[in-house]
Amino acid sequence: MEFSDPLLRRYRNDRRKLLEFLLSAGFIKEINTPAGSTTSLTNIDFDSLSADYVLECVQSGGILDVSQAIKRYYEDSSYLVASHLQPGSIFYLNSDPESAGSPPRRAPPPITKHQEDTVESCSAQWSNHSPGEKSFSTSEGTKINCEVTAAPETSYLHNPSVLSIGLPTLETGLGDDDLRECAYEVFLASMLYSGVQIQSTEARKREKGSRFLTGLKSKREKRHVESQSPERALKVLDTVRVQMQISEAADTLIRRRLTQYEMVKSGGRIDIPQLSLALLTGILRSDFPSPKSYLNWKNRQANVLQEFLASNHTKTEKQVGVLLTKIRTLEEWDIKLSPSERSDVLLSLRQIVLSSSSKPGRFGMEGETYYWTAGYYLHIRLYEKLLCGLFDILEDGQLIEESEEVLKLLKLTWPMLGITERLHHALFSWVLFQQFVATHAEESALLDYAICEVEKVLSAEVCDDREVAYIKTMMCFAAGNEREIRLNLLQSIFMSISSWCDSKLQDYHRVFAQKSSLFVRVMTMGLSAGTRDFVSHVNIKIAELFLPDESAAEKIKTCVKKSLDAVCLAATHHAVVGSSKDNMHPLVILANELRLIAEKDLSIFTPIILRWCPECAMVSARILHQFYGERLKPFLKEVTTPSEDVRKVLSAAYSLERCLTQLYSSACKENNSNYCQDFERYPIAEISKSLLLEWVVAQNDRILEWTGRTFDLEEWEPLSSQKKHAASAVEVFRIIEETVDQFFEWHLPVDITHLQALLSIIFHSLDAYLTKVYSQLVDQQNLYPSTPPLTRYKDATFPMVKKKVVESSVINDVIYNQLDDLTTSKLCIRLNTYRYIQKQIALLEDGIRKSWEAAILLHMDRYSTEETRETLETTNVDNEAVSELFVATLDCISDSASQAIRKTSDFLGAKIVFWDMRDSFLYHLYHDNVEGNRMEGILPEFDRVLNNVSSLIDATIRDLVVSSIWKASLEGFMWVLLDGGPSRAFSNTDIPMIEEDFNMLKELFVAEGEGLPRSSVEQEAKFYHQIMSLFSLKTESLVQMLMASSEHISAGLSRSNKHRQRYVGDAHTIIRVLCHKKDKEASKFLKMHYRLPPSSEYSESPGENSGSISSSSFSSPYVTDLLKKSASIRWSEKGQNSFRSFRKKLQEVGWS
């Protein structure tokens, strides 16, 4: 029927709005009409414009010609609409369907496809293989065979064209729209004859008729559906009307006619032929909006009658054909025949219909009619249409909210359509499954509902033999191997579902690659529908399908093998294509593809399949292992050197085998069997051991060369304000870490020999770098100034014409340039670099240990059983041999870096005090007098140096470096007091000022708690406090101390030949205190006993003593004279013996 449809009105309104938006939004440059260019859209008929033409103009940004758009619209409307249709799902006939007869029931023979491979393999050297095979050569000369076929086509999950239950074809060619409208009429009639009102109270009051007719109603009117109120039933009925796309006008006409017919019909039931006759009798041509819609409706009713009457009444078949022809012919039925003649035609048909309706059913089932078996194929189709009305027409795959209520009302159609509860569940599962496939439903809810319905079919508590016999008469036809298979309805439904599921499960690796959540449901449905005889054993519970079953296991094994065959073929194809595209060895690509398949099997598919077939994992592992092994074996025979291709192939093959081993062992655990001993492994470990060692050894020269090149380019500047170490160290560790990563990226079996080789090259690389850095420092003794000659204090009474000049040695130019290049900032960068090496060593060791443990565990997973796993972990991962290797290599490097930090810190402190601050500190402090050259003038420079060092040095070693500067400062301060030369002499009044200066220096390094800890500062200064206290002693006391220390002269001299080693009772220290003491008694003592020259004979200016020690000051004639004159001192016998020893030592080693 073609009545006004609200959906059509909505569609046309939306189309107008869309076209108006496209024309007014500026997408079109210009709009031309027959009257010329225009900007107004008021006179344009949007219903007559071709949407395709408008969109083409929008894309091109051109000019829209309204005349051309209208012409294009009518041209397009003259063709059949065929877009968005599956191939073969709809076809059109040029001939009359009635004269052509029904289509053949036998399926056409399959079309054989001949495919040619268009893929050219990389580096292909085709050999004379058997037809259908190719081989491609690798860099190692190995060939991989693969079938010469194109890549298998993708198997789509939703392909509705394969779903069919094979019901007998309709002789009259009733279409989907005819069946849908007829099903709605059946639904209305069933409700009405079940006592459910299909019209509102107001509509019933408007009906015309005599009151006495109501007395003729059957008592069935009182049997209302108690669970629903009449108003609610009408709302649900209206929802069904919308879902089945029936217009309001058509619905009103049918309800009115059915209500009239129900009021006049007394007793009995109604069937579809009676329903069609009732509608033909009461509905006239004037009730339709157009002759065409009336003709379509009338022909449909005639076709329905023909389906029920023509093929089952051989005696009356010719008569029925003549009567129905009159009804179908518009001119004869509505023009030539009078009303009485039309009544006679309908009366004749009614007699035939009533004659058939009065026949008893074949199986004696409750409510059974003759038409249950005679027209089952039409009944089933109509019930399918009613069930399809449960799905929202605006949202694919979604059930309407009123689905439960509609299902209760659909149950009213069961007596008319011959539907039993078991048939309902079977048909509902079929419709749900069709919707799941056809609507591309990503959600699995529809499939879950379908499985529940199948469960209800298989778990019915009562199995009536009469129902079984009835179902067996519902014959369907399925295409077999060159013959037609006859099945009953349930068998056909379940076989169709099972066939679809099998087609997907036999390629499940690709079909469910992105929809793995549906895999378990499709598997459940496929096994439920395909492994049971659901007619003769209908009481089998669905739960039994989750237990191991031989038929299910065999079916799954077949699916596994076929799916793996398909996916292996696709993987080989990808290897061929990817090899030439990505310049990668095909065996690497193939191994990676197969590993992904195995991983997905292990994580997704196998846990599901194990519920039915525990050994499926073994089957998968064996197939994949054998498939790859056949292609890997020739390659391994030709491996000789660790090339890049060899490394990648071996690594990929080893990773694949590990994954396959896990897959295989999972089945062993499931079966509680021993670990797989019959799983023959690839000989990768035997081949890779020597290759890996060869590769590691080859890296040593490369790293050493790169380290030397990096060091030569180093300028000792910080990387940034946050990263204060040298760039060369970062580069060295980058090279090392890159080598370590490459080593473990082999992903091959390793042992302690490989680890030893790896740690060895790391040790040699870092040791070479540390040696180069530390070797740039000069000898620290070059930093200290020459020791001036010993003199005794004496004021100059008469100016000398010419004073003696204090001699100093000259430093070599090369050493001088090296010292100038070793600035404080560069030394700080070196210290930071040493610290960076220590940190990176710890990180590197941790990373290597973790990678080593992972490599051992992977190797263990491949070769060991669970029982020996703990033992292997103890012996291979954390044993003493491995720990000793790290101690002998990385720990040794860390210790070397610590030693370098200490020595460089000492060098930095000495250089700052004795070289950088020589003039301002050593030569300026207390020169000529104490009061005029005190410490307060030097402290700002000290503060600047300390701030500079603190900003440059790493925070973790700041205190260590500052402490080294503090120690050097103390030594410099003592140098001024004891080795300051003729220009320095201290009286008793100078000592408090000196002590005050010393305390100021200590406070500078404490820095009010922000510098060094006060305890450590005081501890270092303790000895120097004792030295300064000697200046406060009287000369007589010092002479007595000198005499007492003569007993320890030998030991003292042996320690004093190094510049900075002194002690309080040291004779050298006491003599120097006497030399710098501004005291006549001390001067007289030194003159009398040591004959030291007076300080007034020497001329010394700040900066004159700028050289380093080249010889002892005791090589001067003054020291010689002192040793000669010391014999005249009147010592005690014991003291004389000791002093003779003291003189002898002085002559041997000199006074430093």
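What comes next concerns the included structure. (Residues numbered from 1 in each chain as written. Predicted model: local features only at pLDDT ≥ 70, side-chain atom pairs only at ≥ 80, totals over all residues. Heavy atoms only, no water.)

Here the focus is the overall build of the chain. Per the secondary structure count, the chain includes 45 helices and 9 strands. Counted over contacts in the chain with a minimum sequence separation of 6, partners at least 24 positions apart contribute 78%. As displayed, the chain has an accessible area near 56600 Å², and 50% of this comes from carbon and sulfur atoms. (Helix = DSSP H or I, 4+ residues; strand = E, 2+ residues; numbered from the N terminus. Contact = heavy atoms within 4.5 Å. Areas by Shrake-Rupley, 256 points an atom, 1.4 Å probe, with all protein chains shown as cover.)

Here we take up the side chain of Arg-381. Among the secondary structure elements, Arg-381 is positioned in helix H15 (residues 376-388). Salt bridges are absent for the buried Arg-381, whose nearest opposite-charge side chain, Glu-384, sits at 6.3 Å. Ignoring sequence-local partners within four residues, the contact set of Arg-381 consists of Leu-167, Pro-168, Thr-169, Leu-170 and Leu-179. (Buried < 20%, exposed > 50% of the residue type's maximum accessible area, 1.4 Å probe, protein only. Lys, Arg positive; Asp, Glu negative; His and termini not counted. Salt bridge = Lys/Arg side-chain N within 4 Å of Asp/Glu carboxyl O.)

On to the packing of aromatic side chains, then. The full count for this structure, using the stated rule, is 33 aromatic pairs. With a centroid separation of 6.1 Å and 55 degrees between ring planes, the pair formed by Tyr-628 and Tyr-682 is classed as tilted. Remark: Tyr-682 occurs in the loop between helix H27 (644-670) and helix H28 (684-712) and Tyr-628 occurs in helix H26 (residues 616-637); sequence separation between them is 54 residues. As far as burial versus exposure is concerned, Tyr-628 and Tyr-682 are alike and both buried. Three or more aromatic residues link up through ring pairs in this structure, and these residues are Tyr-926, Phe-973, Phe-986, Phe-998 and Phe-1031. Against the face of Trp-716 rests Arg-830, its NZ or CZ located 4.3 Å from the ring centre. In this arrangement the basic side chain of Arg-849 is found over the ring face of Phe-886, its NZ or CZ atom lying 4.2 Å from the centre. (Phe/Tyr/Trp six-rings, centres within 6.5 Å; stacked < 30°, edge-to-face > 60°. Lys NZ or Arg CZ within 6 Å of the ring centre and 35° of its normal.)

Let us now look at a nonpolar patch on the surface. A contiguous nonpolar patch, built from Leu-18, Phe-21 and Phe-27 and spanning about 300 Å² of accessible area, is present on the exposed surface. Mapped onto the elements, Phe-21 comes out in helix H1 (residues 6-24). (Patch = residues over 30% accessible without salt bridge, like charges linked within 9 Å, V, L, I, M, F, W, Y side chains within 5 Å.)

What follows deals with the sheet that holds strand S3 (residues 63-65). With respect to topology, 3 strands assemble into an open sheet ordered S2-S1-S3, the strand pairing being mixed. In this open sheet, the two strands that pair with only one neighbour each are strand S2 (36-38) and S3. Across the sheet, the axes of successive neighbouring strands diverge by a mean angle of 35 degrees, strand direction being ignored. With 3 bridges connecting them, strand S1 (residues 30-33) and S3 associate as parallel partners. Pairing of Ile-31 across the sheet is with Leu-64, part of S3. (Pairing = 2+ DSSP bridges. Axes fitted to C-alpha atoms, helices over the stretch in contact; angles between N-to-C directions.)

Counting buried positions along helix H9 (residues 272-282) yields 9 of 11 residues, so the element is predominantly enclosed. Listed as buried for H9 are Ile-272, Pro-273, Gln-274, Leu-275, Ser-276, Leu-277, Ala-278, Leu-279 and Leu-280. For H9, the N-terminal capping position is held by Asp-271, with its side-chain oxygen 3.0 Å away from the main-chain nitrogen of Gln-274. (Polar contact = N/O pair within 3.5 Å; in protein donor to acceptor, adjacent residues only side chain to side chain.)

The next point concerns the pattern of salt bridges. Scanning the entire structure with this criterion turns up 36 salt bridges. The closest approach of N and O atoms between Glu-405 and Arg-232, which form a salt bridge, is 2.5 Å. Placement of Glu-405 in helix H16 (residues 403-410) and of Arg-232 in helix H7 (residues 230-243) is noted, with a sequence separation of 173 residues between them. With a closest N to O distance of 3.9 Å, Arg-944 and Glu-941 form a salt bridge. Here Arg-944 and its partner Glu-941 are both found in helix H36 (residues 939-952), 3 residues apart, which amounts to about one turn of the helix. Residue classification places Glu-941 among the partly exposed positions, given a relative accessible area of 24%.

Before going further, it helps to spend a moment on the nonpolar core. Among the nonpolar cores identified, the biggest contains 292 residues, and Leu-489, Leu-594, Ile-609, Tyr-628, Ile-762, Phe-921 and Phe-973 are the most heavily contacted of them. Among the elements that line this core, the one with the most residues is helix H34 (residues 880-916), at 14 residues. Those residues in contact with Tyr-628, other than ones at most four positions away along the chain, are Leu-587, Leu-590, Ala-591, Leu-594, Val-649, Ala-653, Leu-656 and Tyr-682. By size, the runner-up hydrophobic cluster in this structure holds 15 residues, among which are Leu-23, Leu-41, Ile-44 and Tyr-53. (Core = buried A, V, L, I, M, F, W, Y, C linked by side-chain atoms within 4.5 Å.)

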